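Per-entry structural report
Listed here are the chains, written in short residue letters.
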Amino acid sequence: MFRIPVVRISHKPVPQHRTAVAGISAGCGTSFIAGSIAWFKSLKGGCTLAELGTPYFCSALNTERRFEGRGFEYFEDALAARRTLCAVKNPYHSLDLFLRRPDAEGFPSPMCACKMPGEQVVFDLSGAPDSLLDEVLPEMDRIILVLDPLPTKLLGGAEKLERLRMQYPDAQLVVNKLNRGVNRSELQRFLGTDSYIAVQHLAPELVYKAEYNCMLPAEFKGFTEKTQWSELEKI
C-alpha cells in the first residue's frame, strides 16, 4: 500500500519551531508530557506552552493565586478582545503560558496555532477532537503521539494511532507510564516498532506533590531520574 503523508506547512511569518503533543487515549498523560517538554525547552532559552486541548494547567498551577496582583490573561480573552497574542505575557520562570480558562467549553480555533509568539512553542492537544488535530497538526514542525501501554488503552486508541501514523510517518511515539508490568515484546508487536521514547511511570506522590505546590512535576529534582529525561530531551 502506498501512503501519501500530509504535507506540513513550512512557511511561517516569523521563525518558530512548533511541537504538538497529542494523546492516543484519554488519561494517557498528554498534558504531563507537553508540560515536561516545554519546561526543559524553556531552560535552554525560553519556550511558550500553549494549551489548545482540554483545560488543565490553569488549575494545576493555580494561576489565579500565582498571578494575583499582576493578572493572568487567558489567550481566549485576548482573542475575544481582538488583541494580538504577541501582547499577552504570562511569564512562569522561563516559560510563557498561554492557557485556557478552567471553565472553557469546546476548543479554540485552529488558527490559534499560527498566532502564538515565541521561537519555541509546545502545544498541548490533550482531549482535542480529530477535527482540531486535522487542522493543527499540518502546521507543526514536530508531532509527539503519547500512549498509555495499558492494553485496554492501546486497543481503544488503535484506530486513531494508525490513522495519525499514516498521515504523519515522522511522528514520534512516547510510551508514558511504562512499568515492570508491561510486556515489552507485546508492546513492540502492537506498535510494529521498538522506536519509541519510554517514560517510566511517575510515582503518584510526585504528581500529587506537584499539584499541591502548584508546580510542574518536571520542576522537581528527582524528575529526571524517574522519567529518563535524556530520551525526552531529544525532542
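Notes on the structure in this doc start here. On a predicted model such as this, the values are computed, not experimentally measured, just so you know.

**Section: the overall build of the protein**
Across its full length, the protein holds eleven helices and eight strands. Counting all 235 residues of the protein, 48% fall into the buried class. When contacts within the protein are restricted to residue pairs at least 6 apart in sequence, those whose partners lie at least 24 apart make up 75%. Summing over all exposed atoms, the protein offers an accessible surface of approximately 12100 Å²; the carbon and sulfur share of this is 52%.

**Remarks on the packing of aromatic side chains**
Summed over all chains, the structure comprises four aromatic pairs. Members of the aromatic cluster, connected to one another through ring pairs, are Phe67, Phe72 and Tyr74.

**Quick word on the pairing of strand S5 (residues 120-124)**
With four of five residues buried, S5 is to be regarded as a mostly interior element. The pairing of strand S1 (residues 17-23) with S5 spans five bridges and is classified as parallel. The residue of S5 that forms the bridge with Val21 is Asp124. In this sheet, S5 lies alongside strand S2 (residues 47-51) in parallel orientation, the contact comprising four bridges. Pairing of Thr48 across the sheet is with Val121, part of S5.

**What to know about helix H8 (residues 184-191)**
Residues separated by three or four positions in an α-helix point in the same direction, a consequence of the helix having 3.6 residues per turn. The N-capping residue of H8, defined by a side-chain oxygen 3.1 Å from the backbone nitrogen of Ser185, is Asn183. Phi turns positive one or two residues past the end of H8, at Gly192, with a value near 75°.

**Some points on unusual backbone geometry**
Positioned with a positive phi, His93 is a non-glycine residue whose angle comes to about 55°. Along the chain, His93 turns up in the loop between strand S3 (91-92) and strand S4 (95-98).

**Points about the environment of Arg100**
With respect to the element layout, Arg100 can be found in the loop between S4 and S5. For the pair Arg100 and Leu52, spaced 48 residues apart in sequence, the C-alpha to C-alpha distance is 7.5 Å. Of note is the side chain of Arg100, whose polar atom sits 3.0 Å from the side chain of Glu76.

**Observations regarding the pattern of salt bridges**
The full count for this structure, using the stated rule, is seven salt bridges. The partner of Lys177 in a salt bridge is Asp148, and the shortest N-O contact between them spans 3.6 Å. Taken together, the residues span a long stretch of sequence, with Lys177 in strand S7 (residues 172-178) and Asp148 in the loop between strand S6 (142-147) and helix H6 (151-156) at a distance of 29 residues. For Asp148, a relative accessible area of 9% corresponds to the buried category. Between Glu186 and Arg189 there is a salt bridge; the shortest N-O distance is 2.8 Å. In this pair, Glu186 and Arg189 are both assigned in helix H8, three residues apart and thus about one turn of the helix distant. Of the residues examined, Glu186 reaches a relative accessible area of 41% and is grouped as partly exposed. Three or more residues joined by partner-sharing salt bridges are found here, namely Asp130, Asp134 and Arg163.

**Looking at the nonpolar core**
Leu52, Met116, Leu125, Leu137 and Leu145 are the most contacted members of the largest nonpolar core, which totals 38 residues. Those elements giving two or more residues to this core turn out to be S1, helix H4 (75-80), S5, helix H5 (130-136), S6, helix H7 (158-167), S7 and H8. Look past the residues within four positions of Leu125 in its chain and what remains in contact with it is Ala20, Val21, Ala22, Thr30, Leu52, Gly53, Leu133, Val136 and Leu137. In terms of nonpolar packing, the next biggest core, distinct from the first, is built from 33 residues, Phe40, Leu61, Ala210 and Phe220 among them.

**So, the sheet that holds S7**
Spatial strand order, S3-S4-S2-S5-S1-S6-S7-S8: eight strands in an open sheet with mixed pairing. Each end of this open sheet is capped by a strand with a single partner; those strands are S3 and strand S8 (197-200). Across two bridges, the pairing between S3 and S4 is antiparallel. Each bridged residue has a counterpart across the sheet, and for Tyr92 the counterpart in S4 is Leu95. Strand contacts of helix H1 (residues 30-42): S1, S2, S3, S4, S5, S6, S7 and S8, with the helix running at about 170° to S5, the strand carrying the most contacts. Relative to S7, H8 is tilted by about 150°, and along the sheet it contacts S6, S7 and S8.

Calculation rules
- Residues numbered from 1 in each chain as written.
- Predicted model: local features only at pLDDT ≥ 70, side-chain atom pairs only at ≥ 80, totals over all residues.
- Heavy atoms only, no water.
- Helix = DSSP H or I, 4+ residues; strand = E, 2+ residues; numbered from the N terminus.
- Buried < 20%, exposed > 50% of the residue type's maximum accessible area, 1.4 Å probe, protein only.
- Contact = heavy atoms within 4.5 Å.
- Areas by Shrake-Rupley, 256 points an atom, 1.4 Å probe, with all protein chains shown as cover.
- Phe/Tyr/Trp six-rings, centres within 6.5 Å; stacked < 30°, edge-to-face > 60°.
- Pairing = 2+ DSSP bridges.
- Polar contact = N/O pair within 3.5 Å; in protein donor to acceptor, adjacent residues only side chain to side chain.
- Salt bridge = Lys/Arg side-chain N within 4 Å of Asp/Glu carboxyl O.
- Core = buried A, V, L, I, M, F, W, Y, C linked by side-chain atoms within 4.5 Å.
- Axes fitted to C-alpha atoms, helices over the stretch in contact; angles between N-to-C directions.

No statement about biological role is implied by the geometric values presented.
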